[in-house]
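Secondary and tertiary structure notes
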Amino acid sequence: MARHITAITDLTTGEIDELITKARDIINHPDRYQDACRRKKLATLFYEPSTRTRLSFEAAMIELGGHVLGFSEAASSSAAKGESVADTVRTVCCYADIIAMRHPKEGAPTVASLHATVPVINAGDGGHNHPTQTLTDLLTIQMEKGRLGNMTVGLCGDLKFGRTVHSLITAMCRYPGVNFVLISPEELKVPSYVKIPLKKDSVPYTQTTSLTEVLPDLDILYMTRVQRERFFNEDDYIRLKDSYILTPEKMELAKKDLSVLHPLPRVNEISVAIDQDPRACYFRQALYGKFIRMALILKLLEVDA
Ligand code: ASP
Ligand code: CP
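Now for a description of the structure that goes with this document.

What counts as what
- All chains use their own residue numbering, which begins from 1 and follows the written sequence.
- Working convention: letters from A go to chains and numbers from 1 go to ligands, in the order in which they are written.
- A pLDDT threshold of at least 70 governs which residues receive local features in this predicted model, and a stricter bar of 80 or more applies before side-chain atom pairs are shown or counted, although totals over entire chains, interfaces and linings include all residues.
- The side-chain quantities take in all heavy atoms of the structure and omit both hydrogens and water.
- Working definition: a ring pair exists when centres of Phe, Tyr or Trp rings (six-membered ring for Trp) sit within 6.5 Å. Plane angles under 30 degrees give stacked, over 60 give edge-to-face, the rest tilted.
- In this scheme, Lys NZ or Arg CZ marks a charge over a ring once it lies within 6 Å of the ring centre and within 35 degrees of the ring normal.
- Being near a molecule or strand, for a residue, means having at least one of its heavy atoms within 4 Å of it.
- Polar contacts, as used here, are pairs of N or O atoms within 3.5 Å; protein pairs need one atom able to donate a hydrogen and one able to accept it. Residues neighboring in sequence count only if both atoms are side-chain atoms.
- Accessible surface area values rest on a Shrake-Rupley calculation with a 1.4 Å probe, where residue burial reflects the displayed protein chains alone.
- Ten residue types, Ala, Val, Leu, Ile, Met, Phe, Trp, Tyr, Cys and Pro, are classed as nonpolar, four, Asp, Glu, Lys and Arg, as charged, and the remainder, Gly among them, as polar.
- Here, a strand pair is defined by DSSP locating no fewer than two bridges between the strands.
- We count a stretch as a helix when DSSP gives it H or I for four or more residues in a row; a strand needs E for two or more, and each element gets its number in order from the N terminus.
- Note on definitions: angles span 0 to 180 degrees between N-to-C directions of axes, and those axes are lines fitted to C-alpha atoms, for helices only across the stretch in contact.
- Residue contacts are counted whenever heavy atoms from the two residues lie within 4.5 Å of one another.
- Buried residues are those whose accessible area, probed at 1.4 Å on protein chains only, stays under 20% of the maximum for their type, while exposed residues exceed 50% and partly exposed ones sit between those limits.
- One fewer than the residue count of a helix, multiplied by 1.5 Å, yields its expected span.

The subject of this paragraph is the packing of aromatic side chains. Under the definition given, this model contains four aromatic pairs. Note on phenylalanine 231 and tyrosine 237: the rings are 5.8 Å apart at their centroids and 70° apart in plane angle, and the pair reads as edge-to-face. An aromatic cluster is built from Phe161, Phe231 and Tyr237, whose rings are joined through pairwise contacts. Above the face of the phenylalanine 57 ring, arginine 293 is positioned so that its terminal group lies 5.2 Å from the ring centre.

Put into structure tokens, the structure is as follows:
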């Protein structure tokens, strides 16, 4: 039976730690892994735009010695003729050993997994989950901070539709000593279903609309884009899109060892002037995304160096 990753909860904390360890070994010894997936094929089925997730999955498979096939928009696949996700996946399983799927509909990768004979990885489903971004975020935090617990994590921006935030909260509340600060406009607060694990495990969290008030307390600041494509009307998006803009002046309020993460793409919520600040981790984060996806592909295909 193929193992699927549709949510971060499909991995135990021990497995996440193993993936992080494996990714670090790949970073240090890339040559050892260059033939690990020889003759294996990854299919990337992307029904929604992507730069990092699709290309890092593809780079990951190529660096493991494997091959990639797939589509980068629904319009160039037979979805445009009305084919269902179930039928598409049944077909792709004839050609590929592992599938990464992004889809605008929440739950589509889960539907795919029910019809797949090869592992299916959720590469982002609507405003729901993005588990491999969370693995990327955890590797980044481990690399930057040397730990995953005992820290204050601020999540800022569109916490309602931001799927990376949902998966990251779910994962990080498993580590001891994590204190969350949820920073968003009233209309873009974290959905209540995402807060269930926080409440169940009595994980401390506060909610605020002010970034500047809480910035001095944070060890991690996870900025997010207001997710224009998830809004029902453009006026609401325009009203909310500039709610938070991180500038060099605001960074003066922050700790000297703050780490600023962002899943990217950035619109204008982080001033480009901050890119030179050593606390800006987001492009290193994009690089770590490739290594953690290499580790995940190895695990799901049950191969090693
Ligand atoms: N790239 C991330 C995602 O696909 C974040 C974003 O698009 O804002 O969820
Ligand atoms: N972080 C992320 O998912 O980026 P893309 O949307 O470019 O894949």
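The next subject is the site of ligand 1. Surrounding ligand 1, one finds Arg102, His130, Arg163, Thr164, Arg225, Gln227, Pro263, Leu264 and Pro265. Within the contact set of ligand 1, an oxygen atom lies 2.8 Å away from a side-chain nitrogen or oxygen of arginine 225. Contact with the protein chains removes 91% of the 260 Å² of surface that ligand 1 exposes when unbound. For the shell around ligand 1, a count of residues per class yields three nonpolar, three polar and three charged.

Attention now goes to the sheet that holds strand β3 (residues 98-103). Pairing in this open sheet of four strands is parallel, and the strands run β2-β1-β3-β4 from one edge to the other. Because the sheet does not close on itself, it has two edges, and the strands there are β2 (67-71) and β4 (120-125). On average, each strand axis in the sheet is tilted by 15° relative to the strand beside it, whichever way the strands run. Most of the contacts of helix α2 (residues 52-63) go to strand β1 (residues 41-46), to which it runs at about 175°, and overall it touches β1, β2, β3 and β4.

Turning our attention to the sheet that holds strand β7 (residues 205-208). Spatially, β7-β6-β5-β8-β9 is the arrangement adopted by the five strands of the open sheet, whose pairing is parallel. At either end of the open sheet lies a strand with only one pairing partner, and these are β7 and β9 (259-261). Going across the sheet, the axis of each strand differs from the next one's by a mean of 15°, ignoring polarity. Inspection of the sheet shows strand β6 (residues 178-183) paired to β7 by four bridges, in the parallel sense. By the bridge assignment, leucine 182 is partnered in β7 with glutamine 207. Against the sheet, helix α5 (residues 131-145) touches β5 (151-156), β8 (220-223) and β9, its axis set at about 165° to β9.

With that settled, the discussion passes to the environment of proline 216. By secondary structure assignment, the location of proline 216 is in the loop between α8 (211-214) and β8. The partly exposed category is assigned to proline 216, whose relative accessible area is 35%. In this structure the C-alpha to C-alpha distance between proline 216 and leucine 258, which are 42 residues apart in sequence, comes to 9.0 Å. Discounting chain neighbours no more than four positions away, the residues touching proline 216 are Leu253, Ala254 and Lys255.

Now for α2. Taking 1.5 Å of rise per residue, the twelve residues of α2 would be expected to cover 16 Å, and the 16 Å separating its terminal C-alpha atoms lies within 8% of that figure. For α2, the set of buried residues is Thr53, Arg54, Ser56, Phe57, Glu58, Ala60 and Met61. Of the surrounding secondary structure, the elements contacted by the buried residues of α2 are β1, β2, β3, β4, α5 and α11 (282-301). The first or second residue beyond α2 is glycine 65, which carries a positive phi of 90°.

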